[in-house]
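Each chain, letter by letter, is given below.
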Amino acid sequence: MKNLKSIMLGLALLVTGTVANAANKPTPATLTKNEVLNIYVNAVVHGKTEGLNEILDDNIQYIMTRGNNVTTLNKKRILASFKASENVEQGCKYTTTVIEDTREGMIVKLELQYGGYVRTNLITISLNRPDWKITKIENVPS
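The structure presented is a predicted model; accordingly, all values stated were derived computationally and were not measured.

### Quick word on the sheet that holds strand E3 (residues 93-101)
Thought 1: Strand order in the open sheet formed by 6 strands is E2-E1-E6-E5-E4-E3, with mixed pairing between adjacent strands. Lying at the two open borders of the sheet, with one neighbouring strand each, are strand E2 (69-73) and E3. Taking the axes of each pair of neighbouring strands and ignoring which way they run, one obtains an average angle of 20° across the sheet.
Thought 2: Lying over the sheet, helix H2 (residues 33-46) contacts strand E1 (56-66), E3, strand E4 (105-114), strand E5 (117-128) and strand E6 (131-140), oriented at roughly 25° with respect to E4.
Thought 3: Contacts from helix H4 (residues 75-84) reach E1 and E2 within the one sheet, and its direction differs from that of E1 by about 70°.

So this is what it looks like as structure tokens:
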């Protein structure tokens, strides 16, 4: 009987220790602003869409201006557009320039150079606690 009590006490301590330890596990590291930017650039330039859904804010706006026409895409339409060009290499050179970088966000200019044509996007990355998300993409007419 004494052995049974000792075994039960040992099991109870083991279970308690395991549960307490599981509760203290750190949360997975969130992506940095630069990692979010890299995922987006990989999607645009190389068609690599892995992780794209997670870095786009649910209320993201993609604003495209063509002449006098302004079109705004929501997250669903942005993802559908990337899905259509998944794994397609753009065959362009690109540069990124940080316009503004604060503790709460970052604005980056992405320029895609196609021969004699340059496509420019302004990308806004905001801290939506606890994650960094792209909240706005604006196509800047050349």
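### Description of H4
Thought 1: Turning to H4, its buried residues number three or more, namely Lys75, Ile78 and Phe82. Seen end-on, H4 carries its buried residues on one side only, within an arc spanning 65°. Among the exposed residues of H4, those oriented more than 90 degrees off its buried face are Lys76, Lys83 and Ala84.
Thought 2: Against the buried residues of H4 lie H2, helix H3 (52-55), E1 and E2.

### Here we look at the pairing of E5
Thought 1: Sheet topology note: the E4/E5 ladder contains 10 bridges and is antiparallel. Following the sheet pairing, Gln113 is matched in E5 by Val118.
Thought 2: The loop that links E4 with its antiparallel partner E5 comprises 2 residues; one of these, Gly115, has a positive phi angle of about 55°.
Thought 3: In this sheet, E6 lies alongside E5 in antiparallel orientation, the contact comprising 9 bridges. Residue pairing for E6: Asn121 is matched across the bridge by Asn139.
Thought 4: Taking the residues between adjacent antiparallel strands as the criterion, E5 and E6 are bridged by 2 residues.

About the thresholds
Residues numbered from 1 in each chain as written. Predicted model: local features only at pLDDT ≥ 70, side-chain atom pairs only at ≥ 80, totals over all residues. Heavy atoms only, no water. Pairing = 2+ DSSP bridges. Helix = DSSP H or I, 4+ residues; strand = E, 2+ residues; numbered from the N terminus. Axes fitted to C-alpha atoms, helices over the stretch in contact; angles between N-to-C directions. Contact = heavy atoms within 4.5 Å. Buried < 20%, exposed > 50% of the residue type's maximum accessible area, 1.4 Å probe, protein only. Arc of directions from axis to C-beta.

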